[in-house]
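# Examination of the molecular architecture
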Amino acid sequence: MDNNFDVIVVGSGPGGYVCAIRSAQLGLKTACVETRKTLGGTCLNIGCIPSKSLLNSSEMYHKAQKEFNNLGVETGKIKLNLSKMMSNKNKSVLTLTKGIEFLFKKNKITHLKGKGSISAKDTVTVTDNSGKKISYKTKNIVIGTGSVSTSLPGIKIDEKIVVSSTGAISFEKVPKDLIVIGGGYIGLELSSVWKRLGSNVTVIEFLDHIIPGMDKDISTEFQKILNKQGINFKLNSNVTAVSVVKNKAVVDFTNNKSAKRERIECDKVLVAVGRKANIDEDISRSGIKLDNQKKIQVNEKFETSIKNIYAIGDVINKGPMLAHKAEDEGIAVAEIIAGQAGHVNYDVIPAVIYTSPEVATVGKTEEQLQKENIKYKIGKFPFLANSRAKINSETEGFVKIIADEKTDKVLGVSMISAVAGTMIAELALAMEFGASAEDIARTCHAHPTHSEAVKEAAMAVDK
Ligand code: NAI
């Protein structure tokens, strides 16, 4: 094989594999190094894809048990076959990772199997399973090594009783009592899965609200909804220790306000307190500059401090740790390397929590606008008054549109709805085009759809 490339991408997650495909499509001779057996990174193998498979299956199970009968769909006794549910999840992961393999072949991308390290500014060395090293010369390197779960001081993740999301998507039995540390994206999505499958779930969150960074109206309403579903919350609580005794875990935590100490015993503990950039010693040694959170510093062209070495995705100091942000950066950097004008608009990156109902946001929250001293107006519309949501018994949640007080330009949207994750695309598009709330209000929306609530909220901006 000719060992000279135009681009070598290190990591095949949503950032890396998309970057490799786009680079190849633009005529660059491209290779992608991956240390996992399968392509796709965290998202496809142990993140978005398997968790969404379990969210979907567990929701079906829940609906079959609790809702079908009301609709006149009578079934026998509904039984959970967890190992089949897990096999179905594994099948989805396999199909999608194979799909990337196919795309690599189709686009003539060289798949380098092993651990990639930057041995010089124009050289990537790949170490395979047997320890054999081969070096490849390249004009450009793109680092897309993603992120890894973090834990808390003194808490050891064994992936059996004290687990990260990786363990929590592969339990062999439904835990009777599950403690989730962290009320963020991962904590709440996986709480939903196991609650629906029968666990008693308690979420312990350090702050006084769940989903930090989201609009306060949303986080308050969302917590009420999850509470109603039977998920317990201990807010303002700092976990001080987790110990494992005879296949059980004991979690100690202290209330930040009252200093009251509590202890709960459970079968499994999920630690979901965030993720950190996946920077190994090779990257640290390479002289690439990191910021104070140990993320790679890049400029607006995704260049690191070393010429011709770029970085994208969770590993960089820009934007949220989200798969679709990484994908857009992957395309942008490929276009920049090919001499085009790649660009990512960080003001319009949607975020979705795939619970039931879903939570979705794009743009700024009310709290952010207050901090930035920007004057705004708000339009809100509840799904209780949306006909399609009523028909489907999906009346929880609302749409909240925030627009500039003077210009009416949409600055941010937050919503809770059964189909919020799909509906948020309309608002992201509107914001990309610089739409006003009136533009949305005057756009014809099909009836009866959940999307009519978006139009109604846009109309409510101007009362
Ligand atoms: P997160 O940052 O979303 O939430 C972590 C939570 O843990 C926060 O609420 C934080 O206040 C809390 N916490 C921190 N220290 C604590 C302590 N000592 N005791 C109790 N609570 C504590 O992180 P998460 O959920 O682990 O997700 C990691 C990343 O993965 C996020 O950046 C997220 O964007 C991404 N992700 C996105 C998903 C999606 O798009 N649907 C799904 C899953 C993950």
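The structure presented is a predicted model; accordingly, all values stated were derived computationally and were not measured.

Rules used in this analysis
- Residues numbered from 1 in each chain as written.
- Predicted model: local features only at pLDDT ≥ 70, side-chain atom pairs only at ≥ 80, totals over all residues.
- Heavy atoms only, no water.
- Helix = DSSP H or I, 4+ residues; strand = E, 2+ residues; numbered from the N terminus.
- Rg over C-alpha atoms; globule rule 2.2 N^0.38 Å.
- Buried < 20%, exposed > 50% of the residue type's maximum accessible area, 1.4 Å probe, protein only.
- Contact = heavy atoms within 4.5 Å.
- Areas by Shrake-Rupley, 256 points an atom, 1.4 Å probe, with all protein chains shown as cover.
- 1 Å grid on protein atoms, 1.4 Å probe; cavity = no way out; pocket = protein on both sides within 12 Å on 5 of 7 lines; lining within 4 Å.
- Points joined across faces, edges and corners; volume = space filled by probe spheres on them.
- Nonpolar A, V, L, I, M, F, W, Y, C, P; charged D, E, K, R; others polar.
- Core = buried A, V, L, I, M, F, W, Y, C linked by side-chain atoms within 4.5 Å.
- Polar contact = N/O pair within 3.5 Å; in protein donor to acceptor, adjacent residues only side chain to side chain.
- Near = heavy atom within 4 Å.
- Axes fitted to C-alpha atoms, helices over the stretch in contact; angles between N-to-C directions.
- Left-handed = near helix turned anticlockwise from the far one by under 90°.
- Pairing = 2+ DSSP bridges.
- Parallel < 35°, antiparallel > 145°, perpendicular 65-115°, else oblique.

Turning our eyes to something else, we now look at the overall build of the protein. Scanning the protein from N- to C-terminus turns up 14 helices and 22 strands. Here the C-alpha radius of gyration of the protein, 23 Å, is about what a compact globule of 463 residues would show, namely 23 Å. If one aligns the C-alpha atoms of the protein with their principal axes, the spans along those axes are about 65 × 60 × 50 Å. Across the 463 residues that make up the protein, the buried fraction comes to 49%. Long-range contacts, defined here as pairs at least 24 residues apart, represent 61% of the contacts in the protein between residues at least 6 apart. Surface exposure of the protein reaches about 22500 Å², of which carbon and sulfur atoms provide 51%.

Turning to its location among the elements, Lys260 is positioned in the loop between strand 13 (248-255) and strand 14 (261-266). For Lys260, the contacting residues outside a window of four places in its chain are Phe253, Thr254 and Asn255.

Glancing now at empty space enclosed by the protein. Rolling a probe over the atoms, with the probe sized like a water molecule, indicates the empty space that remains. Per the counting criterion, the structure on display carries one cavity of 30 Å³ or more. Each pocket or cavity is described by its volume, and for the largest cavity that value is around 50 Å³. Around the largest cavity sit Ser149, Thr150, Ser164, Ser165, Ile186, Leu270, Val271, Ala272, Val273, Gly274 and Arg275, which together line it. For the lining of the largest cavity, a count of residues per class yields five nonpolar, five polar and one charged.

Right, let's get into the nonpolar core. Membership of the largest hydrophobic core comes to 52 residues, with the highest contact counts inside it found for Phe104, Val142, Ile143, Ile296 and Phe302. Not counting residues within four places of it along the chain, the set of residues in contact with Ile296 comprises Ile143, Ile279, Ile283, Ile288, Lys289, Leu290, Thr304, Ala311, Val315, Ile316 and Asn317.

What follows deals with the side chain of Asn107. Locating Asn107 in the fold gives a position in the loop between helix 4 (82-106) and strand 3 (110-113). Classification of Asn107 as buried rests on a relative accessible area of 18%. At a separation of 2.9 Å, a polar atom in the side chain of Asn107 contacts the main-chain carbonyl oxygen of Leu103.

With that settled, the discussion passes to the site of the ligand. Around the ligand, the surrounding shell holds 26 residues, and the nearest of these are Ile186, Glu189, Glu205, Gly274 and Val352. Between an oxygen atom of the ligand and a main-chain N or O atom of Ile186, the distance comes to 2.9 Å. Put simply, the parts of the chain that give the shell around the ligand at least two residues each are helix 6 (185-196) and strand 12 (237-245). No other element matches helix 6, which puts four residues into the shell around the ligand. Looking at the shell around the ligand residue by residue, the class counts come to 15 nonpolar, seven polar and four charged.

Their axes nearest at 9 Å, the elements helix 3 (residues 48-66) and helix 4 cross at an angle of 140°. The handedness of the crossing between helix 3 and helix 4 comes out as right-handed. Contact residues: Ile49, Pro50, Ser53, Leu54, Ser57, Ser58 and Tyr61 in helix 3; Met85, Met86, Asn88, Lys89, Ser92, Val93 and Leu96 in helix 4. Among the residues forming the contact of helix 3 with helix 4, the class breakdown is eight nonpolar, five polar and one charged.

When strand 8 (residues 162-163) meets strand 15 (residues 268-271), the two strands line up parallel, connected through two bridges. Bridge pairing in strand 15 places Val162 opposite Val269. Alignment of strand 9 (residues 177-181) against strand 15, held across four bridges, turns out to be parallel. Note on strand 15: the bridge partner recorded for Ile179 is Val269.

All right, on to the sheet that holds strand 20 (residues 376-382) then. Read across the sheet, five strands follow the order 18-19-22-21-20 without closing on themselves; strand pairing throughout is antiparallel. Whereas interior strands pair on both sides, the edge strands pair on one side only; in this sheet they are strand 18 (351-353) and strand 20. Ignoring which end each strand starts from, the neighbouring axes of this sheet average 10° apart.

Turning our eyes to something else, we now look at unusual backbone geometry. Cis rather than trans, the peptide bond between Ser356 and Pro357 has omega equal to 0°. Looking at the element boundaries, Pro357 is found in the loop between strand 18 and strand 19 (358-363). Cis geometry is found at the peptide bond from His447 to Pro448, where omega equals -5°. Mapped onto the elements of the fold, Pro448 is located in the loop between helix 13 (437-441) and helix 14 (452-461). A positive phi angle, near 65°, is found at Phe302, a position not held by glycine. Here Phe302 shows up in the loop between helix 8 (281-285) and strand 17 (309-311).

Each pair of packed helices can be summarised by the angle the axes make with each other and by the distance between the axes. At a minimum axis separation of 10 Å, helix 1 (residues 14-25) and helix 4 run at an interaxial angle of 25°. In this view, helix 1 runs roughly parallel relative to helix 4, as classed from their interaxial angle. Between helix 1 and helix 4 lies a crossing whose hand is left-handed. Every residue of helix 4 that contacts helix 1 at Tyr17, Ala20 and Ile21 is listed here: Ile100, Leu103 and Phe104.

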